[in-house]
Amino acid sequence: MARYPFPVPEANGRYTSMLLTGLMCAAALVAQDTLPPAARRVLADVRYLSDDAREGRGIGTGGIEAAARYIAAAFADAGLLPANPDHSYFQPFRIPADAPAVLHTTLGGTPTKNVVAVLPGNSPALRGEVVVIGAHYDHLGYGGFGALDPDSTGKVHDGADDNASGVAALLEIGRRFRGQHPARTIVFIAFSGEELGDLGSAYFVQHPFVEPVDSIFAMLNMDMVGRLRQERLLALGAATATEFPALLDSLNQAEPERFDLRASGDGWGPSDHASFFAAKRPVIEFFTDLHEDYHRTTDRWQKINATGLARVAAFVADVAWALANRPGTLTFVDAAPPKMATGGSGYGAYLGTIPDMTDSPGGVRLTGVRAGSPAELAGLQPGDIITAIGTKTIANLYDMTDALRSHQAGDTVSISALRGGHPVQLTAVLSKRGS
Ligand SMILES: [Zn+2]
C-alpha cells in the first residue's frame with residue numbers, strides 16, 4: 001500500500017521490537033507444523049516473496065523479477081491461462097519518468113511488468129464480462145522513498161504484509177478455482193509499481209488486454225491482508241455498488257468463523273483499486289488494517305497471521321465467485337475524488353516534463369517534454385532548467401512535485417527557466433494526468 005494518508009503509529013523501541021520479533025519467530029516456527037493446509041500454502045508463498053533474496057521486490061531488482069516468475073509459475077500450476085496474447089503471463093511496461101513519486105527516485109524508464117492470468121467464463125451471455133482480482137507484488141526494495149524508517153535506506157524492506165500477503169491470497173484463490181467454470185471471466189493480476197503510485201494498475205486500466213475496461217464487472221483488491229487481529233477485516237469501497245454491503249454481509253454470515261467486517265467507503269484510497277474506481281468500475285479493497293511495521297524493515301513474515309490470511313483468501317474467493325456468477329448487474333456509485341486525492345490521480349496537476357534525474361544545477365533540467373503536453377505548449381524545450389513555477393522557487397525535483405501538487409488542472413502558471421544561461425519566462429496551462 002502506498003502513501004497511506006493517515007498518521008501511522010510509531011514503531012516500538014529497538015529493544016522491544018527485537019524481542020517481539022524473536023518471540024513471534026519462535027511461535028511461528030512451532031505453530032507451522034500444526035497449521036491447516038491452506039495456511040501452510042499461503043505462508044510458504046509469503047516466505048518466498050518476502051525473503052531477503054527478493055530484495056524487497058524493488059523496481060529494477062533481480063528480486064522482483066524472480067517474484068514475477070514465481071507468481072507466473074503459480075498461476076500456471078493452478079491451471080490459469082496466460083492473459084497476454086503472446087501466451088505469456090507478463091504485461092510489460094516502463095515506469096513513467098514523470099510520475100510524481102518517481103521524481104523522488106532514479107527509477108524513471110525502468111522496465112517492469114504486471115503478471116496477469118485468466119480463468120475463462122463459460123456463460124455465452126456473461127463471459128465477456130470480467131471480475132478482476134488484484135494484489136500488488138512490488139515493494140520498497142532497499143528503502144528510501146516511501147519508507148518510514150529513514151535510517152533504513154540500503155536495507156531490504158521485506159514487505160511481508162505489504163504486500164506479499166495479498167499476492168499469497170491471490171495465488172491461493174487461483175488454486176481454489178482450479179478446474180472451476182464461472183459464468184463471467186475472472187482475471188488475476190499481480191501489479192507492479194504500486195508503491196510508486198498505482199502505476200501497474202493505471203497501466204492495466206489504460207491497456208486492459210483481456211477485455212475492454214468497460215467490461216470489468218467489479219475489481220477486488222487485496223493490499224495488506226496478513227495481519228488479521230480480533231477478526232477485524234476492512235472492505236473499503238463497499239459503497240461503490242449499492243449491492244455490495246448486503247452481498248458482503250450474507251457471505252460473512254455463511255463463514256464458519258465470521259469476520260468483524262467493516263464494509264464502507266468510496267473507491268478512492270492508496271492502492272490499485274483506485275485506478276479501477278477512477279475508470280468508474282465498482283471496487284472493494286480488502287485490508288486487515290495498519291500496524292506499526294507498515295513501510296518499515298520490520299514488516300516480516302514472522303508476524304503474518306497465516307491462518308487469518310488463508311481465511312481472508314477464502315472469503316475473497318467467495319466474494320469473487322458470487323460476483324462472477326451473479327445473474328444481475330451491479331449499480332455503480334461514483335464519488336468525487338478527495339481534495340488531496342490519494343489514488344491513481346493523486347499527484348496534482350500535470351505539466352508533462354521529462355526531468356533529468358541525475359543533476360539539478362540550481363533548478364530542474366529537462367531532458368525532454370512530452371508531445372502535446374502543457375510543457376510543450378508553453379514552449380519549454382529540452383535543456384531548459386526550470387527555476388520557478390508560479391511563486392515557488394524550484395531547486396530540485398521535490399520542489400517541482402510540491403509545486404505541481406499545489407495546483408489543479410486548468411490553472412495557469414508562470415514558469416521561470418534558464419535557456420543557454422539566459423532567463424526565459426513562459427506561461428503554462430496545467431492539465432490532468434493521463435489526459
Ligand atoms: Zn506499501
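You'll find the structure just up there.
These lines cover the structure that appears in this document, whether it is placed above or below. Bear in mind the structure is a predicted one, so any value in this text is a computation, not a measurement.

## Some thoughts on the packing of aromatic side chains
Piece 1. Applying the stated rule across the entire model yields 13 aromatic pairs.
Piece 2. Centre to centre, the rings of F93 and Y203 are 5.1 Å apart; their planes meet at 15°, and the pair counts as stacked. Taken as a pair, F93 in strand β2 (residues 90-94) and Y203 in helix α5 (residues 199-206) lie far apart in primary sequence, 110 residues in all.
Piece 3. When its relative accessible area of 5% is taken as the criterion, F93 is described as buried.
Piece 4. Overall, the relative accessible area of 25% leaves Y203 in the partly exposed class.
Piece 5. When the ring of F204 is compared with that of F276, the centres are 6.2 Å apart and the planes differ by 35°; the resulting orientation is tilted. Of this pair, F204 sits in helix α5 while F276 sits in helix α7 (residues 273-278), placing them 72 residues apart in sequence.
Piece 6. For F204, a relative accessible area of 2% translates into the label buried.
Piece 7. Within the aromatic cluster, the residues linked to one another by ring pairs are F75, Y89, F177, F188 and W321.
Piece 8. When the ring centre of F259 is taken as origin, the NZ or CZ atom of R311, which lies over that ring, is 4.7 Å away.

## Focus on unusual backbone geometry
Piece 1. Cis geometry is adopted by the peptide bond preceding N163, which originates at D162 and carries an omega value of 5°.
Piece 2. For N163, the location among the structural elements is in helix α4 (residues 160-176).
Piece 3. The backbone of E55 shows a phi angle near 55°, a positive value even though the residue is not glycine.
Piece 4. Positionally, E55 belongs in the loop between α2 (37-49) and α3 (62-77).

The rules we used
- Residues numbered from 1 in each chain as written.
- Predicted model: local features only at pLDDT ≥ 70, side-chain atom pairs only at ≥ 80, totals over all residues.
- Heavy atoms only, no water.
- Phe/Tyr/Trp six-rings, centres within 6.5 Å; stacked < 30°, edge-to-face > 60°.
- Helix = DSSP H or I, 4+ residues; strand = E, 2+ residues; numbered from the N terminus.
- Buried < 20%, exposed > 50% of the residue type's maximum accessible area, 1.4 Å probe, protein only.
- Lys NZ or Arg CZ within 6 Å of the ring centre and 35° of its normal.

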